[in-house]
Amino acid sequence: MIFSKKMTSLSSAIFSELNYKKAELMAQGYEMIDFSIGTPDIPPSPQVMTLLQEECSKLSNYKYAINDTPELLEAVTSWYKHRYDVNISSQEVVSLLGSQSGFAELALCLIDPGDTVLVPVPSYPIFRIGPLLAGAQLHKMPLLKENNFLIDLDAIDEEVARKAKLMIVSYPNNPTTAIAPRDFYIKLVAFAKKYDIIVLHDNAYSELLFDGSVGESFLSIKGAKDIGIEFNSLSKTYSIPGCRIAFAIGNQEIIKGLRILKSHVDYGMFLPFQKVATALLTGSQDYVEVVRHTYYERGKVLVEGLREIGWDIPLPQGSMFVWAPIPKHYTSSLDFTYDLMNKAHVMVVPGISFGEEGEGFVRIALVETEDTIRRAIKAIKKSGLLEK
Ligand SMILES: Cc1ncc(COP(=O)(O)O)c(C=O)c1O
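Not measured: the values here are computed from a predicted model.

Analysis parameters
- Residues numbered from 1 in each chain as written.
- Predicted model: local features only at pLDDT ≥ 70, side-chain atom pairs only at ≥ 80, totals over all residues.
- Heavy atoms only, no water.
- Pairing = 2+ DSSP bridges.
- Helix = DSSP H or I, 4+ residues; strand = E, 2+ residues; numbered from the N terminus.
- Domains from an automatic or database assignment.
- Contact = heavy atoms within 4.5 Å.
- Buried area = accessible area lost by both parts, 1.4 Å probe.
- Salt bridge = Lys/Arg side-chain N within 4 Å of Asp/Glu carboxyl O.
- Polar contact = N/O pair within 3.5 Å; in protein donor to acceptor, adjacent residues only side chain to side chain.
- Nonpolar A, V, L, I, M, F, W, Y, C, P; charged D, E, K, R; others polar.
- Near = heavy atom within 4 Å.
- Phe/Tyr/Trp six-rings, centres within 6.5 Å; stacked < 30°, edge-to-face > 60°.
- Buried < 20%, exposed > 50% of the residue type's maximum accessible area, 1.4 Å probe, protein only.
- Axes fitted to C-alpha atoms, helices over the stretch in contact; angles between N-to-C directions.
- Parallel < 35°, antiparallel > 145°, perpendicular 65-115°, else oblique.
- Core = buried A, V, L, I, M, F, W, Y, C linked by side-chain atoms within 4.5 Å.

*Asks:* Got a sec to walk through the sheet that holds strand β9 (residues 321-325)? Specific residues and values, please.
*Replies:* Pairing is antiparallel in the open sheet, where three strands are placed in the order β9-β12-β11. Strands with a single pairing partner mark the edges of an open sheet, and in this sheet they are β9 and β11 (349-350). Looking at chain direction, β9 and strand β12 (residues 361-365) are connected through five bridges and run antiparallel. Bridged to phenylalanine 321 within β12 is alanine 365.

*Asks:* Any details on the domain arrangement of the protein chain? Residues and values, ideally.
*Replies:* Each domain of the protein chain was delimited in the assignment, giving domain 1 (5-44 + 287-383) and domain 2 (63-282). Computed over C-alpha atoms only, the centres of domain 1 and domain 2 are separated by 26 Å. On the domain 2 side, the residues contacting the 29 residues of domain 1 number 34 residues. Here domain 1 meets domain 2 over a buried area of about 2800 Å², counting both sides, of which 67% is carbon and sulfur. Between domain 1 and domain 2 we count zero salt bridges in total. The interface formed by domain 1 and domain 2 includes nine residue pairs in polar contact (both at pLDDT 80 or more). Elements that contribute at least two residues to the side of domain 1 that touches domain 2 include exactly α12 (286-308), β9 and β12. Tallying contributions element by element places α12 first for the side of domain 1 that touches domain 2, with five residues. Of the residues that constitute the side of domain 1 that touches domain 2, the class distribution is 16 nonpolar, nine polar and four charged.

*Asks:* So what's going on with unusual backbone geometry? Which residues, and what values?
*Replies:* With an omega of -10°, the peptide bond between tyrosine 171 and proline 172 qualifies as cis. One can find proline 172 in the loop between β5 (164-169) and α7 (182-195). The omega torsion of the bond from asparagine 174 to proline 175 falls at 15°, within 30 degrees of zero and hence cis. When you line up the elements, proline 175 lands in the loop between β5 and α7. Of note, asparagine 148 is a non-glycine position whose phi angle comes to about 55°, a positive value.

*Asks:* Could you give an account of the environment of threonine 337, with specific residues and numbers?
*Replies:* As for its position among the elements, threonine 337 is in helix α13 (residues 333-344). Sequence separation between threonine 337 and arginine 363 is 26 residues, and the spatial gap between their C-alpha atoms is 9.9 Å. Setting aside its immediate chain neighbours within four residues, threonine 337 contacts Leu18, Val348, Val349, Pro350 and Val362. Polar side-chain contacts of threonine 337 include one of 2.7 Å to the backbone oxygen of serine 333.

*Asks:* Please give an account of the site of the ligand that cites residues and values.
*Replies:* Surveying the vicinity of the ligand reveals 13 residues, the closest of which are Asp202, Tyr205, Ser233, Ser235 and Lys236. At a separation of 3.3 Å, an oxygen atom of the ligand approaches a polar side-chain atom of tyrosine 124. Between an oxygen atom of the ligand and a side-chain N or O atom of serine 235, the distance comes to 2.6 Å.

*Asks:* Account for the packing of aromatic side chains, naming residues and giving values.
*Replies:* With the rule as written, the count across this model stands at 20 aromatic pairs. Measuring from centroid to centroid gives 4.9 Å for phenylalanine 191 and tyrosine 195, while their planes differ by 55°, and the two rings are tilted. Of this pair, phenylalanine 191 and tyrosine 195 both sit in helix α7, four residues apart, roughly one helical turn. The class for phenylalanine 191 is buried, based on a relative accessible area of 10%.

*Asks:* Describe the sheet that holds β5, listing the residues and the values that go with them.
*Replies:* Taken in spatial order, the seven strands line up as β2-β8-β7-β6-β5-β3-β4 in an open sheet, and their pairing is mixed. Edge positions in the open sheet fall to β2 (93-96) and β4 (137-142), since each of these has one partner strand only. The sheet shows a mean angle of 20° between the axes of neighbouring strands, direction not considered. Strand direction decides the pairing type here: β5 and strand β6 (residues 198-202), joined by four bridges, are parallel. Directly across from methionine 167, in β6, lies its bridge partner valine 199.

*Asks:* Run through the packing of α13 against helix α14 (residues 370-383), naming residues and quoting values.
*Replies:* Helix packing geometry: the angle between the two helix axes and the distance between the axes. Packing of α13 against α14 leaves a shortest axis separation of 9 Å and a crossing angle of 95°. Comparing the axis directions of α13 and α14 gives the class roughly perpendicular. Of α14, the residues touching α13 (which contributes Leu340, Lys343 and Ala344) are Ala379, Ile380 and Ser383. Class assignment for the residues of the contact of α13 with α14 results in four nonpolar, one polar and one charged.

*Asks:* Explain the side chain of glutamate 207 to me, and be specific about the residues and the numbers.
*Replies:* Within the secondary structure, glutamate 207 sits in the loop between β6 and α8 (224-227). On the accessibility criterion, glutamate 207 (13% relative accessible area) is buried. A polar contact of 2.7 Å, which involves the side chain of glutamate 207, links it to the side chain of arginine 83. Among residues more than four places away in sequence, those in contact with glutamate 207 are Trp79, Arg83, Tyr84, Thr237, Val288 and Arg292.

*Asks:* If you had to explain the nonpolar core to someone new, which residues and values would you point to?
*Replies:* Counting 60 residues, the largest nonpolar core has Met167, Tyr171, Phe184 and Phe247 as the members making the most contacts within it. Residue assignment places this core across two domains, with domain 1 (5-44 + 287-383) and domain 2 (63-282) each supplying three or more. In this view, phenylalanine 247 contacts Leu72, Val76, Val93, Val94, Ser95, Leu96, Glu230, Phe231, Asn232, Leu234, Ala277 and Leu281; residues no more than four positions away in its chain are not counted. One finds Phe210, Tyr295, Trp311 and Val367 within the second-largest nonpolar core, a separate group that totals 37 residues.

Below, the structure written as structure tokens:
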């Protein structure tokens, strides 16, 4: 079978090798503690499940949705107003079946083969895969520890900036957990205007901040809507990743293009999911705090526990991850990951799998309970891996 050349961008040798190794160890009877996947284990609020059951029992909800309901669009626009103080109209919103698919759709909308796309590295794989599926040339923007993992706009070559059509930005950031100050976004909008670059800001973790600050929207920056859009997802905020509910919000022309593309590719979001999203965005936000607090406490237990056994790692600023520098006597994140699997039966993601610039780190997803995290810390201590 001969697949398209684009399919080569989808091969992830590291992930399949790690999963193969996990299966092998489990077959030998080891119980693996898995911090590798970014899938929330926190259940959704009971109200979500009750509403979904009710809506799923209505026959009228089984037709093609085609469009977003006016109630859903109104819920998103009013959430943006009261949550971020951002004014948007219903023409500036379209739902996505998860922001993940939004990346591929947006790239198909905007990118011709050979167009330059600026992507941060290390980064969530779809940031690179989406543009690559549309035939983009990627130009990497390294996120460096010494720069608080912020994109260094001044370091982007002038010629590259002139050529670039799209730039992808995302804070709070996966995998580095960094957050970006407002000044950064002000500079970003000016940069994008100067070089005529469209900005896609992925705001999947704006509700999951751990340092006491309150997440913002890129669209709250003056002029942002002229040059870009934001993706916002309910997956992590309300712990409902399987429902595939997200939105693209911002520049009306781009949103219109996305709507046209989506009308040929999908027929809209299942109506019970639209009802759930409407209820979540317009109802009490108390459960969001439960989700945030759960990740915050787990992050603290993990980081403090690992520090006590000699692994000095920083507390995450936001998201649902810990971005941990590998112990000094290791030079490869993959070697360290394998050693953790083999000797401590703990699974993490090697930084290298987020791009070469992620080397020297591993990502630990906070998807296990505090008790399991404590067990993992004991197992890591017992393995002796942190000692030279
Ligand atoms: C940065 C980032 N954006 C988007 C997503 C995916 O969101 P969705 O479930 O809406 O596709 C994730 C999920 O892990 C993520 O880490």
